[in-house]
Amino acid sequence: MSYESVLAQIKAVPEACLDEISQIIGYVVHRYEQKAAEAHEPSPRLADAMLEALQISGDPDVKGYADTKELFKDLNA
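So, how was this worked out
- Residues numbered from 1 in each chain as written.
- Predicted model: local features only at pLDDT ≥ 70, side-chain atom pairs only at ≥ 80, totals over all residues.
- Heavy atoms only, no water.
- Helix = DSSP H or I, 4+ residues; strand = E, 2+ residues; numbered from the N terminus.
- Buried < 20%, exposed > 50% of the residue type's maximum accessible area, 1.4 Å probe, protein only.
- Areas by Shrake-Rupley, 256 points an atom, 1.4 Å probe, with all protein chains shown as cover.
- Salt bridge = Lys/Arg side-chain N within 4 Å of Asp/Glu carboxyl O.
- Contact = heavy atoms within 4.5 Å.

> Give me the lowdown on the overall build of the chain, citing residues and values where you can.
Counting its regular elements, the chain contains 4 helices and 0 strands. When the helices and strands of the chain are read in sequence order from the N terminus, they spell out α-α-α-α. The principal-axis extents of the C-alpha atoms in the chain amount to approximately 70 × 25 × 15 Å. Looking at the 77 residues of the chain, the share that counts as buried comes to 1%. As presented, the chain carries roughly 7300 Å² of accessible surface, and 60% of it is formed by carbon and sulfur atoms.

Shown next, in the form of structure tokens:
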């Protein structure tokens, strides 16, 4: 279906229906945006960072912190 055929259909309906058509179009656009967001893949940089974090979390030689107070204490030392 083309924009021209959709516009022709819209032009054929009574003006009183335009609010409802606008709401339907808004809903369709919203659903499209939701599906696009759900299908979004992480960027290669984010995927690399996630992999690095996973590797660090399993490395016994890397110091871990039980809470943020302990972390900030070491950072500020």
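Structure's up, so let's keep going.
> Could you give me a rundown of the pattern of salt bridges, with the residues and numbers involved?
As enumerated under the stated definition, the model contains 1 salt bridge in all. A salt bridge links Lys63 to Asp74, with the shortest nitrogen-to-oxygen separation between them at 2.7 Å. Of the two residues, Lys63 is situated in the loop between α3 (44-57) and α4 (68-75) and Asp74 in helix α4; the sequence distance between them amounts to 11 residues.

> Which residues make up the environment of Met1, and what values do they have?
The residue Met1 is located in the segment before α1 (3-12) in this model. Its relative accessible area of 81% is what places Met1 among the exposed residues. Residues Met1 and Asn76 lie 75 residues apart in sequence; the distance between their C-alpha atoms is 62 Å. When residues no more than four places from it in sequence are discounted, the contact partners of Met1 are Val6 and Gln9.

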